[in-house]
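Now for the letters of each chain:
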Amino acid sequence: MASDSRACRRCKGSGLSRHGGSMCSYCNGWGHVHARSRSPHEKCVQLRTPHQEAHTLKLEVASLRKQVSNQGQLQQETESLKAERCELQSKLEGTRHEAHNLKLEVARLQSLEADLRSQLVDRDARLQSLGAIEAGLRSEVVDQDARLQSLVHRFRCLHSEHTLSPASVTAPQPLTVEVDTPFHGLAGSFLSRLGVRERKIHQVQLGSGDIAAAMWQWESPDGSFLNFEPHISAILECYAAQGIRRARLTSAGTTLDIDLKTLEQRVVGGSGRVRKIRRVEPGTLPEPTWTPQQGPAELVDASPDHIDYCKVSHIMFSTEPGSLSPRFRLEKVERVQNEFLWGSYQAQRRNTNRMRGPAGLGERLLFHGTRRTNPRRIALSSPGFMIEYSADGLYGKGLYFAERPCYSDKYSHYTSEKGTKLYHMLVCSVICGRSKHMGCDIDRSMNRCRLPPEEYDSVCAGPHCPRVQGNGPDASVMFVVYQPQQVYPEYVVTYRECTPTDSVANSSSGSG
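All figures in this text were calculated on a predicted structure; none of them were measured in a lab.

The rules we used
Counting restarts for each chain, with residues numbered from 1 along the sequence as it is written. Only residues with pLDDT of at least 70 get local features here, since the model is predicted, and only at 80 or more are side-chain atom pairs given and counted; chain-wide, interface and lining totals rely on the full set of residues. For the side-chain quantities, the full set of heavy atoms in the structure was used; hydrogens and water were omitted. Secondary structure elements are defined from DSSP: runs of H or I of at least 4 residues count as helices, runs of E of at least 2 residues count as strands, and each element is numbered from the N terminus. Each residue is placed in one exposure class: buried if its accessible area under a 1.4 Å probe, protein chains only, is under 20% of its type's maximum, exposed if it is over 50%, and partly exposed if it falls in between. Pairs of residues are marked as contacts when any of their non-hydrogen atoms sit within 4.5 Å. Note that accessible areas follow from Shrake-Rupley with a 1.4 Å probe, and for residues the cover is restricted to the protein chains shown. Salt bridge, as used here, is a side-chain nitrogen of Lys or Arg placed within 4 Å of a carboxyl oxygen of Asp or Glu. Pairing of aromatic side chains requires ring centres within 6.5 Å, counting the rings of Phe and Tyr and the six-membered ring of Trp. Pairs whose planes differ by under 30 degrees are stacked, by over 60 edge-to-face, and all others tilted. Pairing between strands requires that DSSP locate at least two bridges from one strand to the other. As a rule, the C-alpha atoms of each element are fitted with a line to give its axis, helices using only the stretch in contact, and angles between N-to-C directions run from 0 to 180 degrees. Only a pair of cysteine sulfur atoms within 2.5 Å qualifies as a disulfide here. Take the buried Ala, Val, Leu, Ile, Met, Phe, Trp, Tyr and Cys residues and link them wherever side-chain atoms come within 4.5 Å; each set so joined is a nonpolar core. What qualifies as a polar contact is a pair of N or O atoms within 3.5 Å, subject to a donor-acceptor requirement within protein and to the restriction that residues adjacent in sequence count only when both atoms come from side chains. Residues with no salt bridge and a relative accessible area higher than 30% make up the patches, which join like charges within 9 Å and nonpolar side chains (Val, Leu, Ile, Met, Phe, Trp, Tyr) within 5 Å.

Undergrad: Outline the overall build of the chain, supporting the account with residue identities and numerical values.
TA: Check the secondary structure of the chain and you find 8 helices and 18 strands. Split into buried and exposed, the 512 residues of the chain put 34% on the buried side. Relative to all contacts within the chain whose residues are 6 or more apart in sequence, the contacts with residues 24 or more apart total 63%. Accessible surface, the chain as shown: approximately 31600 Å² in total, 53% of it carbon and sulfur.

Set out below in structure tokens:
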């Protein structure tokens, strides 16, 4: 066979022959296969492999660059989405806060609306009541004018028959009576005029020929009030009805200069000390140390030499067991003069006296701590103690009072004044009546319904310790009542803990 002298198109190799009719797998030359090895040309392989790898690497580099570019865009989009998410969360929190505030505002407005509706209902009821009162007062004013003229004429007749020395009464100058009007409107003016006429009439009862006038009293040195002589009281009542301000009278050989506007008296030729006087309505039982007051409820400080101060000091800071001495020191005693509470207390006192008799009245002077409530708020309010605000105790929801002040001290209200901690407690008169004795047993379901009024008026239990059942340190017998009119707060007592300076002062005064 003749040999083919053509060389390979890639490697230019010679000596090739067309054996087997195969092609080179790299140069695609037909029959360009080396005769001996029958394998692709080596040079073709050497030239083909680097070129293919370079092309492959270029493709991979381009793919990686594209991936890196896409990853950067994704990171930017992710950061942007995160920022939008934070902004949306902030807006959501602000919206939630605004929604909460709107809910609170709606609740406040609803409560305010309810209060206004209640006030409107109360105002309508008061207007209707005042209209009825006004109609009744118009007729009463006319009747009382006639009664006043009749009583003045009767008193002048009686006064002319009374045997008094001409020098015993100095003719005073009539003055115009000034009356403050605490009400508004037409009904208020009628109420004020009715009050003036009531004072002028001075509760004189006709029928049997006796005059049951109001009683006038004067303040003794210890702070209690004593009655004037009957004829002096009658003269003062007549002068007050006529609007006379000053009078000079002789009582028991002593000449008195009396001011009926300021309710004060002074002994002519005496030391010049001014003492209080007061007028007591007939049928009422005033507290023996009350002084004239401007409003219906007031707190009056008792001086250390006053009988009220001495009474509180004796029952709270004596050497008896259960007292607050010597750990505490008395700072101030305020007497409570509340006409609202005193009137309801006196009515309950009369009812209990009729039901139980004088021996079964059970009137006691007890102690009460008010915890977080300022005792002055209770003392000056018109309702006084309110069962609704009482906590459930060992004997149900009631008003609890202790025989010993050490027990109530654990529940006392305290304030801070100039860095000093002050404690406040109430000393109350309590009508216990007939008590149901429980001993140390407890009954938390006790209430007024389970305490029949025809059988019992209060619960007596203990001795118990503060916040603990049974006897122990600071234990006391306690009384529980379930009607606020059985209680009258007599004094608001302020005291503080003793300091080493107080101990030194007490020891030095005791040794001297």
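That was the structure; now back to the text.
Undergrad: Talk me through the pattern of salt bridges; I want residue IDs and the actual numbers.
TA: For the coordinates displayed, the defined rule picks out 20 salt bridges. The partner of D257 in a salt bridge is R246, and the shortest N-O contact between them spans 3.1 Å. Note that D257 is positioned in strand β4 (residues 254–259) and R246 in strand β3 (residues 246–251), a separation of 11 residues in sequence. Judged by its relative accessible area of 10%, D257 is buried. Relative accessible area serves as the criterion here: at 41%, R246 is assigned to the partly exposed category. One salt bridge connects K410 with D474, and the closest N-O pair in it is separated by 3.4 Å. Separated by 64 residues along the polypeptide, K410 in the loop between α7 (405–409) and β13 (413–417) and D474 in the loop between β16 (458–464) and β17 (476–481) bring together distant segments of the chain. Among the residues examined, D474 registers a relative accessible area of 30% and is labelled partly exposed.

Undergrad: Please provide a residue-by-residue account of the packing of aromatic side chains, values included.
TA: Across all of its chains, the model carries 11 aromatic pairs by this definition. Seen from their ring centres, W290 and W342 are 5.7 Å apart, and the 50° between their planes marks the pair as tilted. Linking W290 in the loop between β6 (275–280) and β7 (297–301) with W342 in helix α5 (residues 339–356), this pair joins segments that are 52 residues apart in sequence. Like W342, W290 is buried. For the pair F385 and F401, a centre-to-centre distance of 5.8 Å together with 75° between the ring planes defines the contact as edge-to-face. Here F385, found in the loop between α6 (375–380) and β10 (392–393), pairs with F401, found in strand β12 (residues 399–402); they are 16 residues apart in sequence, far enough to count as distant.

Undergrad: So what's going on with the sheet that holds strand β5 (residues 264–267)? Residues and values would help.
TA: Strand order in this open sheet of 6 strands is β2-β1-β6-β5-β4-β3, and the pairing throughout is antiparallel. Unpaired on one side and paired on the other, β2 (225–227) and β3 mark the two borders of the sheet. Each neighbouring strand pair of the sheet contributes to a mean axis angle of 35°, computed without reference to strand direction. Summarising the sheet, strand β1 (residues 215–219) and β2 pair through 3 bridges and their orientation is antiparallel. Of the residues in β2, the one forming a bridge with E219 is F225. Sitting on the sheet, helix α3 (residues 230–241) is in contact with β1, β3, β4 and β6, with an inclination near 170° to β3.

Undergrad: I'd love a proper account of the state of the cysteines, names of residues and values included.
TA: As used here, a disulfide is simply a covalent bond connecting the sulfur atoms of two cysteines. For the coordinates displayed, the defined rule picks out 0 disulfides. The closest cysteine sulfur to the non-disulfide-bonded C432 is located on C460, 7.8 Å from its own sulfur.

Undergrad: Tell me about the nonpolar core, and please be specific about residues and values.
TA: One finds F385, L399, F401, C428, V430, V487 and Y488 to be the most contacted residues of the largest nonpolar core, which totals 24 residues. Elements represented by at least two residues in this core include exactly α5, α6, β12, β14 (420–431), β17 and β18 (487–497). Per-element tally for this core: the top contributor is β14, with 4 residues. Not counting chain neighbours up to four residues away, the residues in contact with V487 comprise Y345, F385, L399, F401, C428, S429, V430 and V481. Counting 16 residues, the second-largest nonpolar core is a separate cluster that includes F317, F328, V333 and F367.

Undergrad: Before we move on, can you summarise the pairing of β5 with the specific residues and values?
TA: Where β4 meets β5, 4 bridges bridge the pair, whose relative direction is antiparallel. Within β5, the position partnered with D259 by the bridge is E264. Connecting β4 to the next strand, β5, in antiparallel fashion are 4 residues, including L263 with a positive phi near 55°. In this sheet, β6 lies alongside β5 in antiparallel orientation, the contact comprising 2 bridges.

Undergrad: I'd like a description of the side chain of S318, backed by residues and values.
TA: Along the polypeptide, S318 turns up in the loop between α4 (307–316) and β8 (328–338). Judged by relative accessible area, S318 falls into the buried class, the value being 15%. A polar contact of 3.3 Å, which involves the side chain of S318, links it to the backbone oxygen of H314. S318 has contacts with S313, S323 and S325, leaving out every residue within four places of it along the chain.

Undergrad: Give me a nonpolar patch on the surface: which residues, what numbers.
TA: Taken together, L109, L112 and L116 make up a surface patch of nonpolar side chains, about 250 Å² in accessible area. Inspection of the secondary structure assignment puts L112 in helix α1 (residues 42–161).

Undergrad: Break down the environment of I235 for me, with residues and values.
TA: The residue I235 is located in helix α3 in this model. With 12 residues separating them in the primary sequence, I235 and A247 have C-alpha atoms 9.5 Å apart.

Undergrad: Summarise unusual backbone geometry; cite the residues concerned and give the values.
TA: Keep in mind that most residues, glycine aside, have a negative phi and that most peptide bonds are trans. In the segment running from S325 into P326, the intervening peptide bond is cis, with an omega of 5°. Assignment of secondary structure puts P326 in the loop between α4 and β8. With an omega dihedral of 10°, the bond running from G462 to P463 counts as a cis peptide bond. Relative to the elements of secondary structure, P463 occurs in strand β16. Phi is positive for L263, which is not a glycine, with a value near 55°. By the element assignment, L263 lies in the loop between β4 and β5.

Undergrad: Explain the side chain of T352 residue by residue, including any values.
TA: Tracing the chain through its elements places T352 in helix α5. In contact with T352, other than residues within four places in its own chain, are G357, G360, L361, I431 and G433.

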